[in-house]
Amino acid sequence: MTSAADSAPAAPPAKRDRTHYLYIAVIVAVALGIAVGLIAPDFAVELKPIGTGFVNLIKMMISPIIFCTIVLGIGSVRKAAKVGAVGGIALAYFMVMSLVALAIGLIVGNILDPGTGLAVTDAVKETGHAQVDAEAKDTTEFLLGIIPTTIVSAFTEGEVLQTLLVALLCGFALQAMGDAGRPVLRGVEHIQRLVFRVLAMIMWAAPVGAFGAMAAVTGSAGVDALKSLAVLMLGFYVTCVLFVIVVLGALLKICTGVNALSLFRYLGREFLLILSTSSSESALPRLIAKMEHLGVSKPVVGITVPTGYSFNLDGTMIYMTMASLFIADAMGTPMSIGEQIPLLLFLFVASKGAAGVTGAGLATLAGGLQSHKPALVDGIGLIVGIDRFMSEARALTNFAGNAVATVLIGTWTKEIDKARVAEVLAGRVPFDERTLLDDGHGGHGGSGDEDAADLPERGNDKELAKA
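Residues numbered from 1 in each chain as written. Predicted model: local features only at pLDDT ≥ 70, side-chain atom pairs only at ≥ 80, totals over all residues. Heavy atoms only, no water.

## Structural notes on the overall build of the protein
Looking only at helices and strands, the protein has 23 helices and zero strands in total. Total accessible area on the protein stands at roughly 19,900 Å², and carbon and sulfur atoms take up 65% of it. (Helix = DSSP H or I, 4+ residues; strand = E, 2+ residues; numbered from the N terminus. Areas by Shrake-Rupley, 256 points an atom, 1.4 Å probe, with all protein chains shown as cover.)

## Considerations on a nonpolar patch on the surface
Taken together, the side chains of V238, V241, L242, I245, V246 and L261 present a nonpolar region at the surface, about 530 Å² in accessible area. Sorting elements by how many residues they give to the nonpolar patch places helix α12 (residues 230-256) first, with five residues. By secondary structure assignment, the location of V241 is in helix α12. (Patch = residues over 30% accessible without salt bridge, like charges linked within 9 Å, V, L, I, M, F, W, Y side chains within 5 Å. Salt bridge = Lys/Arg side-chain N within 4 Å of Asp/Glu carboxyl O.)

## Overview of the packing of aromatic side chains
In this structure the tally under the stated criterion is five aromatic pairs. Residues Y93 and W412 carry aromatic rings whose centres are separated by 5.8 Å and whose planes lie at 65° to one another, so their mutual orientation is edge-to-face. On the criterion of sequence distance, the pair formed by Y93 in helix α5 (residues 80-112) and W412 in helix α21 (residues 387-412) is long-range, its members being 319 residues apart. Its guanidinium or amino end placed over the ring of Y266, K290 lies 4.9 Å from that ring's centre, counting from NZ or CZ. Above the face of the Y319 ring, R394 is positioned so that its terminal group lies 4.2 Å from the ring centre. (Phe/Tyr/Trp six-rings, centres within 6.5 Å; stacked < 30°, edge-to-face > 60°. Lys NZ or Arg CZ within 6 Å of the ring centre and 35° of its normal.)

## Points about the UniProt feature "transmembrane region" (unreviewed entry) in the protein
According to UniProt, the feature "transmembrane region" (unreviewed entry) maps to residues 21-40, 60-77, 89-112, 160-177, 198-217, 229-251 and 343-366 in the numbering used here. In this annotation, residues 160-177 is assigned 100% helix and 0% strand; the end-to-end C-alpha distance for the span is 26 Å. Annotated as 85% helix and 0% strand, the span residues 198-217 places its first and last C-alpha atoms 28 Å apart. (UniProt positions renumbered as here; feature names shortened; annotations may be inferred.)

## Considerations on unusual backbone geometry
If you check the backbone angles, K414 has positive phi at about 55° while not being a glycine. You can see K414 is positioned in the loop between α21 and α22 (418-425). Judged by its relative accessible area of 62%, K414 is exposed. (Buried < 20%, exposed > 50% of the residue type's maximum accessible area, 1.4 Å probe, protein only.)

## Some thoughts on the packing of α12 against helix α17 (residues 314-330)
To describe two helices that pack against each other, one gives the angle between their axes and the distance between the axes. Between α12 and α17, the shortest axis-to-axis distance is 10 Å and the interhelical angle comes to 145°. In the packing of α12 onto α17, the handedness of the crossing is right-handed. In this structure, α12 contributes L232, G235, F236, T239, C240, F243 and L248 to the contact, and α17 contributes D314, G315, I318, Y319, M322 and F326. By residue class, the composition of the contact of α12 with α17 is nine nonpolar, three polar and one charged. (Axes fitted to C-alpha atoms, helices over the stretch in contact; angles between N-to-C directions. Left-handed = near helix turned anticlockwise from the far one by under 90°. Contact = heavy atoms within 4.5 Å. Nonpolar A, V, L, I, M, F, W, Y, C, P; charged D, E, K, R; others polar.)

## Digging into the confidence of the model for the protein
Averaged over every residue, the pLDDT of the protein is 74; residues scoring 70 or more account for 74%. Within the protein, helix α23 (residues 461-465) has the poorest average pLDDT of any element, 36, and helix α13 (residues 260-266) the best, 91. Segment residues 119-131: pLDDT under 50, and 23 contacts once partners within four positions in sequence are set aside and those in other chains are kept. Scored below 50 in pLDDT, residues 353-358 shows twelve contacts in the model against residues more than four places distant or in partner chains. (pLDDT = per-residue confidence, 0-100.)

## Comments concerning α17
With 17 residues, α17 should reach 24 Å at 1.5 Å per residue; the first-to-last C-alpha distance of 24 Å fits that figure. Within α17, 17 of the 17 residues are buried, which leaves the element mostly enclosed by the surrounding structure. Once α17 finishes, G332 follows within two positions and takes phi at roughly 75°, a positive value. (Expected span 1.5 Å × (residues − 1).)

## Focus: the packing of helix α4 (residues 48-75) against helix α10 (residues 182-202)
In the contact formed by α4 and α10, the axes pass within 9 Å of each other and the chain directions differ by 155°. Between α4 and α10, the angle falls in the class roughly antiparallel. α4 and α10 meet at a crossing whose hand is left-handed. Here α4 contributes F54, L57, I58, M60, M61, P64, I65, C68, T69, V71, L72 and G75 to the contact with α10, which in turn contributes L185, V188, E189, I191, Q192, V195, F196, V198, L199 and I202. (Parallel < 35°, antiparallel > 145°, perpendicular 65-115°, else oblique.)

## Details of the environment of G379
Summarising the element assignment, G379 is placed in the loop between α19 (360-372) and α20 (381-384). Distance in space between the C-alpha atoms of G379 and D329 is 9.5 Å, their sequence separation being 50 residues. Leave out the neighbours within four places in its chain, and G379 touches I327 and M331.

## Focus: the environment of L272
Of note, L272 is situated in helix α14 (residues 268-277). The exposure class of L272 is buried, given its relative accessible area of 16%. Each C-alpha atom, one on L272 and one on V26, is 8.0 Å from the other, the two residues being 246 residues apart in sequence. Not counting residues within four places of it along the chain, the set of residues in contact with L272 comprises Y23, V26 and I27.

## Some remarks on the pattern of salt bridges
Across all of its chains, the model carries four salt bridges by this definition. Taking the shortest distance from any N to any O, the salt bridge between K290 and E270 comes out at 3.2 Å. Note that K290 is positioned in helix α15 (residues 284-294) and E270 in helix α14, a separation of 20 residues in sequence. In this structure, K290 and E270 share a single accessibility class: buried. Among the salt bridges present, the one from E423 reaches R428, with a minimum N-O distance of 3.1 Å. The exposed category is assigned to R428, whose relative accessible area is 54%. Through salt bridges that share partners, E270, R286 and K290 make up one connected network.

The structure is reproduced here in structure tokens:
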């Protein structure tokens, strides 16, 4: 006689996650790109559009992902004051950590003293002046630029802070609408699923983009530039590593109990993506998805991550400090501490006004020096050749800083599920690489402000279909 258990239909086999092959392919592509850049530099430089195209595909998805994340997060929170508290704590933290990063760069730059003895030729001076961006915004223009021309132009122009503003307004409006806003929230959740699925498809082009980007970077810099500026590069990389592991790691462990290395291992694929594209923006959508999966609530993730990409630039702060001291030494006009501090505070402010400028690190440095100490602009040409390699460390440090900030702010606002964090970092709750969403886990974290009735369960597709 056949038992009921025997006659029951077998559970469908779980789909195998093949995305690890994708990231193996990225590593191989990076190695091939470096090889081509060294063997055939002229040909390698021509491959730059391939890398640029891939990064642009990722950037295309940033605005809709930020919009959906913030609208769903704020629209489902009862108290608007909590969102304001998250934003205030985030901005205060970003300012403090930026100053800490500047101070660390100042100390290391004065110890290394790497620029002494380099020659600044007329060609180098011309190259330096060419880096001054005539379109760089001052602080007032930057603040006015947060307001989009229309509610739709925030998406078409790719301005992260404009998208953030529109999403905040829409989220608060839906929150005020109460039950009348629930169908709109369901519609936004449908759009979020679509957008993340499109992003997962785009990620399969990562090996091609990584190959083109690394080949172009290696081919344009050349071995000679790398050798002559190795001290500055190595000093900058070591400083960034120490800042991330010692400063951010200690802060994370003391405040949250989370091990920084475990968090960075969880974000390993994102670090690889940044390394291969020299752009931290390429990992922004995935950071949002992974922080939500980790257990940080949607409002905290939606506000902290996009804002941090403009205001929490720890790697850029260290870079501008060390690069300024390097250039001053190379020009034969070393600055005293009394001269260094006002310049660096000026660059600290300038970096906020120039957030979002393409090649923000070098462009901000050039614009800041032009405004505050014009004589040093001549020396910027010395670091143009290695700027893309410096950009790698800048982007990785900025990304690590924003990941840590999200966990810290989630903890301080009690908007994090600590039990889930432990499970995810232990590998017992894997991230779904196929959808980049948590099907079946709704509303992470929180302190009871999220109304379960406001949104259907994340994984309940039948409920979503009724909307």
